[in-house]
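Single-letter residue listing:
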Amino acid sequence: MQKIRRFLRFDSLSVRIAALYSALFALTFGALVAVAMGGIERYASGQISDEMTANSNAFKKILELESKRMATATDILAADFGFREAVALGDEPTLASALVSLRNRLDVPNAFIMTLDGGTIGLEQKIQDAESDSIWNALDEGARNGLVKIGGEYHGIVAAPIEAPDLFGWLVVGKPLNKAEMQGLSELAPISLTAKVIDEPILPSPLVAKTGEQIELLENGERILYRVSTLPSLGTNQKPTLLLRHSLSEALLAYRPISWILSILALVGLGIIISAGWALAKGITRPIARLEQAARQISAGERTKVRVNSKDEIGRLAESFNDMVDAIVEREGEISHIALHDALTGLPNRKYYRDQLDIALKRAGEDELVAVFYLDLDNFKSVNDTLGHPVGDGLLKQVSSRMEGLLDGHLIARLGGDEFAVLVDGVDSVDAITKIAESLEKSFADRFEFDGHIMPTTTSIGIAVAPHDGTESDILMKNADLALYRAKHEGKGQYHYFEQEMDELARKRRETEIDLKLAIEHGQFELYYQPLFNTEEQKINGFEALIRWNHPTRGLVSPLDFIPLAEETGLIVQIGEWVIKEACHQAATWPEQIRVAINISPVQFRTKGLQSVLIQALTQSGLSPQRLELEITESLLIDNVAETLQALHSLREMGVRVALDDFGTGYSSLSYLRSFPFDKIKIDRSFVDDIMSDKGSAAIIQAITGLAAALGMETIAEGVELEEQVEMLLKNGCNNIQGFLLSRPVPMAEVDALITALSGKCRNRKVA
Ligand code: C2E
Ligand code: MG
Ligand code: MG
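Just so it is clear, the structure is predicted and the values come from calculations on it, not from any experiment. The numbering scheme is per chain: residues are counted from 1 as the chain's sequence reads. Numbering of ligands from 1 and lettering of chains from A proceed in the order in which they are written. Side-chain atom pairs in this predicted model are given and counted only at pLDDT of 80 or more, local residue features only at pLDDT of at least 70, and totals for whole chains, interfaces and linings cover all residues. Side-chain metrics in this entry use all non-hydrogen atoms of the structure; hydrogen atoms and water are not considered.

**Structural notes on the pairing of strand β3 (residues 145-150)**
The condition that has to hold: The buried label applies to any residue whose accessible area, calculated with a 1.4 Å probe on protein chains only, is under 20% of its type's maximum; exposed applies above 50%, and partly exposed to all values in between. Secondary structure elements are taken from DSSP: a helix is a run of H or I of four residues or more, a strand is a run of E of two residues or more, and numbering for both begins at the N terminus. Strand pairing requires that DSSP identify at least two bridges connecting the strands.
Most of β3 is tucked away, with five of its six residues classed as buried. Note: β3 against strand β4 (residues 153-163), six bridges, orientation antiparallel. In the strand pairing of β4, Ile150 is matched with Glu153. Counted along the chain from β3 to the antiparallel partner β4, the turn is two residues long, and its residue Gly151 has a positive phi close to 65°.

**A look at empty space enclosed by the protein**
Convention followed: Only protein atoms enter the calculation, which uses a 1 Å grid: trapped sets of points that fit a 1.4 Å probe without letting it out are cavities, open sets showing protein on both sides within 12 Å along at least five of seven lines are pockets, and any residue with an atom within 4 Å of a point is a lining residue. Grid points are joined across faces, edges and corners, and a volume is the space filled by probe spheres set on the points. Classification convention: Asp, Glu, Lys, Arg as charged; Ala, Val, Leu, Ile, Met, Phe, Trp, Tyr, Cys, Pro as nonpolar; all other residues, Gly among them, as polar.
Scanning the entire structure with this criterion turns up two cavities of 30 Å³ or more. Empty space within the largest cavity amounts to approximately 70 Å³. As for the largest cavity, its lining consists of 13 residues, and the residues nearest its centre are Leu532, Asn541, Gly542, Arg595 and Lys680. Those elements that provide at least two residues to the lining of the largest cavity are β17 (525-534), β18 (539-551), β20 (595-599) and β24 (714-717). Taken together, the residues of the lining of the largest cavity sort by class into five nonpolar, four polar and four charged.

**Examining the coordination of the magnesium ion (ligand 3)**
Counted only if it meets this: Note that water is not among the atoms considered, so a metal site may appear incomplete; the donors listed are N, O and S atoms within 2.8 Å of the metal, with 3.2 Å applied to Na, K and Ca.
On the protein side, the magnesium ion (ligand 3) has Asp661 (OD), Asp662 (OD), Glu718 (OE) and Glu718 (OE) as donor atoms, found 1.9 to 2.7 Å from it. Spacing between the donor residues of the magnesium ion (ligand 3) along their common chain follows D-D-x55-E. Separation of the magnesium ion (ligand 3) from the magnesium ion (ligand 2) amounts to 3.8 Å, with Asp661 serving as a shared donor to the pair. In this pair, Asp662 is assigned in strand β22 (residues 657-663) and Glu718 in the loop between β24 and α25 (723-731), connecting sequence segments 56 residues apart. In this structure Glu718 comes out as buried when scored by relative accessible area, which is 10%.

**So, the sheet that holds strand β10 (residues 369-377)**
Quick note on the threshold: Lines fitted to C-alpha atoms define the axes here, with helix axes fitted over just the stretch in contact, and angles between the N-to-C directions of these axes take values from 0 to 180 degrees. Contacts are residue-level and defined by heavy atoms, with any inter-residue pair within 4.5 Å sufficient.
Taken in spatial order, the five strands of this open sheet run β11-β12-β10-β15-β16, and their pairing is mixed. Strand pairing shows two members of the sheet lacking a second neighbour, β11 (411-416) and β16 (495-497), which therefore form its edges. In this sheet, adjacent strand axes meet at a mean angle of 20° when their direction is disregarded. The sheet strands contacting helix α13 (residues 389-406) are β10, β11 and β12 (419-427), and the helix crosses β12 at an angle near 10°.

**Regarding the site of ligand 1**
Applied cut-off: A molecule or strand has a residue near it when one of that residue's heavy atoms lies within 4 Å. Identification of polar contacts relies on pairs of N or O atoms within 3.5 Å, with a donor-acceptor requirement for protein atoms, meaning one able to donate a hydrogen and the other able to accept it, and with residues adjacent in sequence counted only if both atoms are side-chain atoms. To measure how exposed things are, a 1.4 Å probe is used in the Shrake-Rupley method; for residues, cover is taken only from the protein chains shown.
Taken together, the neighbourhood of ligand 1 is formed by 22 residues, with Glu544, Asn599, Asp661, Glu721 and Phe740 sitting nearest. Between ligand 1 and the protein, one listed contact pairs a nitrogen atom with a side-chain N or O atom of Gln530 at 2.9 Å. Glu718 is positioned with one of its side-chain polar atoms (N or O) 3.1 Å from an oxygen atom of ligand 1. When ligand 1 sits alone it has 790 Å² of accessible area, and the protein chains cover 85% of it. Every element with two or more residues in the shell around ligand 1 is listed here: β18, α17 (559-569) and β22.

**Side note on the packing of helix α9 (residues 256-299) against helix α10 (residues 313-340)**
Going by this rule: The cut-offs work like this: below 35 degrees is roughly parallel, past 145 is roughly antiparallel, 65 to 115 is roughly perpendicular, and the gaps in between are oblique.
Viewed as axis vectors pointing N to C, α9 and α10 meet at an angle of 10°, and their least axial separation amounts to 10 Å. When the axes of α9 and α10 are compared, the pair comes out roughly parallel. Taken together, the residues of α10 that come into contact with α9 (itself represented by Ile284, Pro287, Ile288, Leu291, Ala294, Ala295 and Ile298) are Ile314, Leu317, Ala318, Phe321, Val325 and Ile328. Of the residues contributing to the contact of α9 with α10, the split by class is 13 nonpolar, no polar and no charged.

**Observations regarding the pattern of salt bridges**
So the rule is basically this: Basic side-chain nitrogens of Lys or Arg form a salt bridge, by our definition, when they fall within 4 Å of a carboxyl oxygen of Asp or Glu.
Per the counting criterion, the structure on display carries 36 salt bridges. Between Glu64 and Lys61 there is a salt bridge, with its nearest N and O atoms 3.8 Å apart. Placement of both Glu64 and Lys61 in helix α2 (residues 13-79) is noted, with a separation of three residues, approximately one turn of the helix. Overall, Glu64 belongs to the partly exposed group, its relative accessible area being 43%. Given a relative accessible area of 49%, Lys61 falls into the partly exposed group. Salt-bridge contacts for Arg223 lead to Glu216; the nearest nitrogen and oxygen are separated by 2.5 Å. Taking relative accessible area as the criterion, Arg223 reaches 18% and is therefore assigned buried. Here the residues in one salt-bridge network are Glu66, Arg69, Lys175 and Glu181, joined through shared partners.

**Section: the environment of Glu222**
Turning to its location among the elements, Glu222 is positioned in strand β8 (residues 222-230). The class for Glu222 is partly exposed, based on a relative accessible area of 29%. Separated by 26 residues in sequence, Glu222 and Leu248 place their C-alpha atoms 7.7 Å apart.

Right, here's the structure in full:
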C-alpha cells in the first residue's frame, strides 16, 4: 500500500526516472508521428491537388478536342455544295436530313442553322432572344466556338459560316454541358470528382477570388478541394466557369491505414520504451535502494555490507560504502576500547569491570562465588610527590603488568589513580579467594624499579564476595571499597574481607559528614582550653585550644570522633580556619604572658592559604605572633619533607612558635628534631602513662629532654594525671606539664578563673 502511495507521489527514484524517460520518448515519438502524419497528409493533399490540376486541364482538353471534332464536321457540312444548295434553295427536308445526320455523327442534340434574318432552321430546343443575340454578337466579333447558354443551359457550340456564295447564315452545333454530360466526363478522371459548368457570378465568394487556383473549404466538417477555371465564352456577358469539386477527406481516407499503422507502431514503441525505461530505472535504483537499506541498517546499529556487482559509478559507490562500513566498525572498536579501557595501563576501566561483574553475577551457579577485589597502593602519593608523576605512572604500569602476570584468567581493571580491581569468579570456596589475595600481597614483596628508582610498594585489598556480601555489582563494589578502607586503617599491605558492620559504620560516617557541614554553617563548634604549666616557675605559660562540637542530639562530641573524618573530607580546612580565628580572638583577651596553642592538621597545613589565614587572624585579633603556638605532628615530616620545612620556616619568620605534638608515637625519629628548630616538643601521653612502671619510658623521656635542651627546645609532657608523674618528669628533665592533674580542658568562660585558681593551687602545692 505504502509502495503504491510512494509510486503515485513519485517518491521513488525509479518511478521518476522511468516516467521522465518514457515522457521524453513519448514526446519525441508523438512529434515524429505528428510530423510523419502531417507529411503524409501534405503529400496526399499535394497528390490530390496535382491530380485536380491534371483533371482540370484534361477537362479543358477534352472540351477543346470535342469542339475541334465538332468544328471539323461542321466546317465540312457548311462547305458542302449540296448543303449550301439546299440552304440557298430553302430545301428543308434535305437540310433537316443533313442536320440529323450531323447530329448523329457528332452525337450532339443540337445542329441547326442560324439565318441572317434572325431565324433558325432545325433547332429543336427553344432559344431565348437574349441567347440568340449573344451568339450573334460573338459571331460578329469573329468567335467561332465557345460556351454559350441555350435554353438556360451551357452548351459547347461550334459555328461555321454557310456561304451560298454570300453569307447566308451559320451552321451551329451545340452539345449541352449538363449534369449527365459532366458526369460522363468526370468518370474519365482517375479520381472521384464532380464537375460543373456554372456562371461565375453564382460561385461562392472565396472561389471567385481563387479562379485559376485550387482552394480547400470545409463543408459540414468535410474537407473539400475546389478548382475553378474559366472556359471560353461564345456569348457576351456570360462567364462560363468549370468547377471541379473533390472531397479531400474522402481522398485522405486512402491514407488512413498508414496513419493507423504509424500510430500502432508508436504505441508499441512507447510500450517497449516504458518497460525498457522501467527496467533501466530499476537497474539504476536497485543498487541505490540496497545502499539506502544498508545505510539504514548501519544507523540502527547492525553491521551489513552491500554486494558489489559492477565496476561502474554505482559499483564504486558500493565499494566505498563497504570501505566506510569497515572504517566505522574499526573506529567503533577503537572508541569502545577507549571508552572501556584505561589509557595509561591499557587495563579495562571501571565501566568495563562493572559490566563484566554484572555478567559474572548473572552467570554464577548456585554454589559459585564471585569476589570483588579492590586494591589501593599504599603511599603511592608519596611516590608521585617525591619522584614525580612520570615515575608514578611507571609504577602503575609495572604494578598492572605484574598483576596480569600473576592473575592470568582473572579480570584486572584500573579504577582510577592508584586503585585497581580484580574480578574472581568461578570459585566455590572462600579459601580459594584468600589464596588469591595472599598471592597478590606476596607479589608486592618484590620491589618495583622504574627509571633507576627503587620503590618498595605494598597494596591494601578490600574483598566483597557474592552472594554473601551482595548480589548486585554496585553493592559488591561499594562493600569491597569499605573493606579496603578498613584494610588501610588497620595497617597497610593487608587484605580485609567485607563485614556487615562496616556498612553501618560507613552509614554513620556519611551522617556525620552531613552533620559536620551543618555544624560549620550553624556555628556548633566551641573551643575548650587546657593549661600548659611550667612546674619550675609555677605558672601557666599558655593554653592549648581543643575543639568541641556541640551536637544538637549527641551532645558534646570529642574531636577524636570527627577530626579524622573532617580531614578525610577536607572539611578540616574550614574548621581549622575557624579555630585559628576564634583562638586568636579569645587569647587576645588573656594576660600578655599567656600563649595559645592551636592544633594544625596535616591536611590543613598543606593548604596554600594557611599562612594568610594566620596573618589575618593575628591582625584582626591584635594577638602578637609570639603568643601563638602551632602544634603539628610528626606525620607531616614523612612526606614532602623539603616543602614542609620551607613552610615551617616561613611560619617561623612570621614570629609564631612551632611545637611538635604527640612526639614518640607513629614514626618517631629523633632525627626530626635535627631537621627543624622546634620551639617545643610535646612528649606523648603514652610515655607519661608508663613512666611509673616502665623504666624504658623514663629513659626515653630523659633522652628526649636532654636532646631537646641541647637543641634549645622546650619539652612538655602530655596527659599528666598524677602527682608522682610530675615528680618523675621533673627528675627526668621535663618541667612543663599538661594534663587532668592540673585541669581538664575548660570552656572560654572558665579560663580566667582557672588562671587564678591554678596560680593559687600551684602556690599551695609548692608550699606543700
Ligand atoms: P592533642 O593535641 O594531643 O590534645 C591533647 C588531648 O589529650 C586532648 O584531647 C586532651 O583533652 C587530652 N588530655 C589532656 N590531658 C589529659 C590527661 O591527663 N589524660 C587524658 N586521658 N587525656 C588528656 P582532646 O581534646 O580529645 O583532643 C584530642 C585530639 O584532637 C588532640 O590531641 C588533637 O590532636 C585533636 N584536636 C583537638 N582540637 C583540635 C583542633 O582544634 N584542631 C585539630 N586539628 N585537632 C584538634
Ligand atoms: Mg595538641
Ligand atoms: Mg598531643
